[in-house]
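Next come the chains, spelled out residue by residue.
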Amino acid sequence: MTHPTGRIADHAIAPIFLDRWSPRAFTGEAMPQDVLLSLFEAARWAPSAANGQPWYFVYGHRGTEAFQTIYDTLDEGNQRWADKASVLIVIVSQTHRKNAAGEMRPAYTHAFDTGTAWGYLALQAVHAGYHAHGMGGIDRDKAKEVLGIPEGFRVEAAVAIGKIAPKETLPEDLLKREVPSGRKTVAEFISEGRFNAP
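A brief look at the structure comes next. Just so you know, these numbers come straight off a predicted model, no measurement behind them.

Cut-off values and rules
- Residues numbered from 1 in each chain as written.
- Predicted model: local features only at pLDDT ≥ 70, side-chain atom pairs only at ≥ 80, totals over all residues.
- Heavy atoms only, no water.
- Axes fitted to C-alpha atoms, helices over the stretch in contact; angles between N-to-C directions.
- Helix = DSSP H or I, 4+ residues; strand = E, 2+ residues; numbered from the N terminus.
- Parallel < 35°, antiparallel > 145°, perpendicular 65-115°, else oblique.
- Left-handed = near helix turned anticlockwise from the far one by under 90°.
- Contact = heavy atoms within 4.5 Å.
- Nonpolar A, V, L, I, M, F, W, Y, C, P; charged D, E, K, R; others polar.
- Pairing = 2+ DSSP bridges.
- Salt bridge = Lys/Arg side-chain N within 4 Å of Asp/Glu carboxyl O.

## Here's the deal with the packing of helix H2 (residues 33-44) against helix H5 (residues 110-127)
Piece 1. Contact geometry of H2 with H5 gives a least axis separation of 7 Å together with a crossing angle of 140°. Taken as axis vectors, H2 and H5 run oblique relative to one another. The handedness of the crossing between H2 and H5 is right-handed. Here Ser38, Leu39, Phe40, Ala42 and Ala43 of H2 come into contact with H5, specifically with Ala117, Tyr120, Leu121, Gln124 and Ala125.
Piece 2. In terms of residue class, the contact of H2 with H5 is built from eight nonpolar, two polar and no charged.

Okay, here's the thing in structure tokens:
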């Protein structure tokens, strides 16, 4: 299955999975709040262990103080292009939760569950005509401080959301990277009955 992005699926899947990629060139146009809320609504319905729903999202629209605060936590490499995003988000997960006895215990699947919620958000962004670019390049300690994130919570990543602009709007070195990436084949990450990795 060959897709307009140039990606090739070896097995039949819904086209939205190939539509989703992480561009850096964004138009900078405003994103309506109701559209943004639809992305968070999609994240809301992600599965989670014991229905714990450990994900939290701190966001800012372009041109606001909230956006600038998040932007200032990004690594320099991401700041080169993320200023043109419509919305910036910091994804946070709750690392501990109370058990039935009221004791705080580690929530071992917090990152797993929060990652699923992020995936739902990213797919809904495509459905809404936007793209979401997840970023590991964020100063997590600074983000915790400036966003008021308490102990028991972890900054997982940042996200830039926007409508795609022509890639020529990017600096030349980033322009060369502005294409949907490929993936390992399924055979490279599955095994039946016993773990097998290179």
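Picking up after the structure, the text goes on.
## Here we look at the sheet that holds strand S5 (residues 131-135)
Pairing between sheet strands relies on hydrogen bonds along the backbone, with the strands arranged either parallel or antiparallel.
Piece 1. Taken in spatial order, the four strands make up an open sheet running S1-S2-S6-S5, and their pairing is antiparallel. Strand pairing shows two members of the sheet lacking a second neighbour, strand S1 (55-61) and S5, which therefore form its edges. The sheet shows a mean angle of 25° between the axes of neighbouring strands, taken without regard to direction.
Piece 2. Two elements, strand S2 (residues 87-94) and strand S6 (residues 153-162), share eight bridges in a ladder whose sense is antiparallel. In the strand pairing of S6, Val87 is matched with Ile161.
Piece 3. Against the sheet, H2 contacts S1, S2 and S6, and its axis sits at roughly 165° relative to S1.

## Comments concerning the pattern of salt bridges
Oppositely charged side chains can form a pair if their charged atoms are brought close together.
Piece 1. Counting across every chain of the model gives seven salt bridges.
Piece 2. With its nearest N and O atoms 2.8 Å apart, the salt bridge here joins Glu41 to Arg44. Taken together, the positions of Glu41 and Arg44, both in helix H2 and three residues apart, correspond to about one turn of that helix.
Piece 3. Here Asp173 makes a salt bridge to Arg80, at a shortest N to O gap of 2.9 Å. With a gap of 93 residues between them, Asp173 in helix H7 (residues 172-175) and Arg80 in helix H4 (residues 76-82) connect regions that are remote in the sequence.

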